[in-house]
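# Observations on chain architecture
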Amino acid sequence: MQDNGTEVTAAGIARLAGVGRAAVSNWRRRHADFPRPVGGTETSPSFALADIEAWLRAQGKLAEVPPRERVWQQLVGHPEGPVTALTHAGCVLLLVHERPNLWLDASAGSDERLAAMLPAALDQVLDARFGPAPERTVTTPIGPRLLPSVPLLRGAAELAAGPGARKAYEFLLGRHLDANPRQYTLTPEPLAELMAELAGPARTVLDPACGTGTLLRAATATATAATGPAAPRPGQELYGQDSDPALAALTALRLALSTDATVRIAAGDSLRADARTALRADAALCHPPFNERNWGHDELAYDARWEYGFPARTESELAWVQHALARVRDGGTVVVLMPPAAASRR
């Protein structure tokens, strides 16, 4: 099976073979049959994953690629980028988790057949978890876009056969977050757990700047701990919004795989384009962006959310506090992470 254009860098080759990057540079100089670059730049070339695997195996430097490493290399080398690949993998893992027979039927034939059958199967599970297609952040990839992802999707499903779909997705998402530390603002797990405990068990929970969904996951764990995993309780509803549409989709998939709660994640800036104007949640948890000058001060001067006064341009955190307060019911709870400097402001 070909990897349909999946590429790997020198660092990826080193991980595959269990060596340092210097060894890969030596192989390129010493071996005339080392695969030629197919992409990247002169200083950071990329190579076809299938060619690299074949060369390493022929040289006796690779017995078999570990499944997790193979799937990861397919993800980072995806022609449309790792975020698209991770979204496609998350959709399939959700299908494997919730409708395994649909996956088994679709994956039984050729790659072309799988790419053609998957959209209809994915529509069923995505509609069930996130609502009808026009409303959900996670869109169904169409057949032609899925074909380059097929080796990755088969590998992700195989990866889920051991630890399960949830852990397989957590591994891939966690590794992506670790590989891009400057791209995402993460809430430490212990801090998220503390904030959820302060809010207490809640049926409807909102995070208007949800990021990777850590706070909403912690809220689910708090509700489960309060009632016990086997106790009957009304279904929890998780509402989130993030300004990055791609991250909103990844977070929706993460929450759907880790909980049975109703998951509704929207894309957009909650201050400027709030998707939850009618919501009155039991609790709101938020880790907003700090020290943001361009939060909408000029266009939101007369917004009804400023019940406690119009926040200054330099105090965006106070805008997020009042936004959260406006989206909880009377008697609801808001827990917002604030920068230390906020304690000393007038």
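Not measured: the values here are computed from a predicted model.

## A few points about the overall build of the protein chain
- Check the secondary structure of the protein chain and you find 14 helices and eight strands.
- Along the three orthogonal principal directions, the C-alpha set of the protein chain runs to about 70 × 45 × 35 Å.
- For the protein chain, the residues scored as buried account for 51% of the 346 residues in total.
- In the protein chain, of all internal contacts separated by at least 6 residues, the share reaching a separation of at least 24 is 70%.

## Details of the environment of Gly81
- For Gly81, the position within the fold is in the loop between helix H4 (67-76) and helix H5 (82-98).
- Sequence separation between Gly81 and Ser316 is 235 residues; the distance between their C-alpha atoms is 33 Å.

## Topic: the domain arrangement of the protein chain
- When the domains of the protein chain are assigned, the result is domain 1 (7-59), domain 2 (67-179) and domain 3 (189-342).
- Computed over C-alpha atoms, the centres of domain 2 and domain 3 are 27 Å apart.
- Between domain 2 and domain 3, the contact holds 21 residues from the first and 21 residues from the second.
- Taken together, both faces of the contact between domain 2 and domain 3 bury some 1,700 Å²; the carbon and sulfur share is 64%.
- It is Arg129, Phe130 and Thr137 that lose the most area in domain 2 upon contact with domain 3, and together they represent 35% of the buried surface on that side.
- Here Arg217 and Glu170 are joined by a salt bridge, their closest N and O atoms 3.4 Å apart.
- Counting across the domain 2 and domain 3 interface gives eight residue pairs in polar contact (both at pLDDT 80 or more).

## A closer look at the sheet that holds strand E6 (residues 262-267)
- Across the sheet, five strands lie side by side as E6-E5-E4-E7-E8; this open sheet has parallel pairing. Looking at which strands have only one partner, the edges of the open sheet turn out to be E6 and strand E8 (328-336). When the angles between neighbouring strand axes are averaged without regard to direction, this sheet yields 15°.
- Where strand E4 (residues 204-207) lies against strand E7 (residues 281-286), two bridges are found, and the strand directions are parallel. Of the residues in E7, the one forming a bridge with Val205 is Ala283.
- This element, helix H13 (residues 245-258), spans strand E5 (237-242) and E6 of the sheet and lies at about 175° to E6.

## Observations concerning the packing of aromatic side chains
- One pass over the structure, following the stated rule, counts six aromatic pairs.
- With a centroid separation of 6.4 Å and 40° between ring planes, the pair formed by Trp306 and Phe310 is classed as tilted.
- A relative accessible area of 36% places Phe310 in the partly exposed class.
- Ring pairing ties together the aromatic residues Trp27, Phe34, Phe47 and Trp55, which thus form one cluster.

About the criteria used
Throughout, residues of each chain are indexed from 1 in the direction in which the sequence is written. Local features in a predicted model are, by the rule used here, given only for residues with pLDDT of at least 70; side-chain atom pairs are given and counted only at 80 or more, and totals for whole chains, interfaces and linings are based on all residues. Remark: hydrogens and water are excluded; side-chain values derive from all non-hydrogen atoms of the structure. Every helix listed is a DSSP run of H or I at least four residues long, and every strand listed is a run of E at least two residues long, numbered separately from the N terminus. Remark: exposure states derive from per-residue accessible area (1.4 Å probe, protein chains only) relative to the maximum for the residue type, with buried under 20%, exposed over 50%, and partly exposed in between. Throughout, a residue-residue contact means that at least one pair of heavy atoms, one from each residue, lies within 4.5 Å. Domain boundaries shown here were taken from an automatic or database domain assignment. Values labelled buried area give the accessible surface lost by two parts on being combined, using a 1.4 Å probe and summing over both. The salt bridge definition used is simple: a Lys or Arg side-chain nitrogen within 4 Å of an Asp or Glu carboxyl oxygen. In protein, a polar contact means a hydrogen-donor-capable atom and an acceptor-capable atom, both N or O and within 3.5 Å, with residues adjacent in sequence counting only if both atoms are side-chain atoms; elsewhere, any N or O pair within 3.5 Å suffices. Between any two strands, pairing holds if DSSP finds at least two bridges. Note on method: axes are straight lines fitted to C-alpha atoms, helices fitted across the in-contact stretch only, with angles between N-to-C directions ranging 0 to 180 degrees. We call Phe, Tyr and Trp rings a pair once their centres come within 6.5 Å, taking the six-membered ring for Trp, and we label the pair stacked below 30 degrees between planes, edge-to-face above 60, and tilted otherwise.

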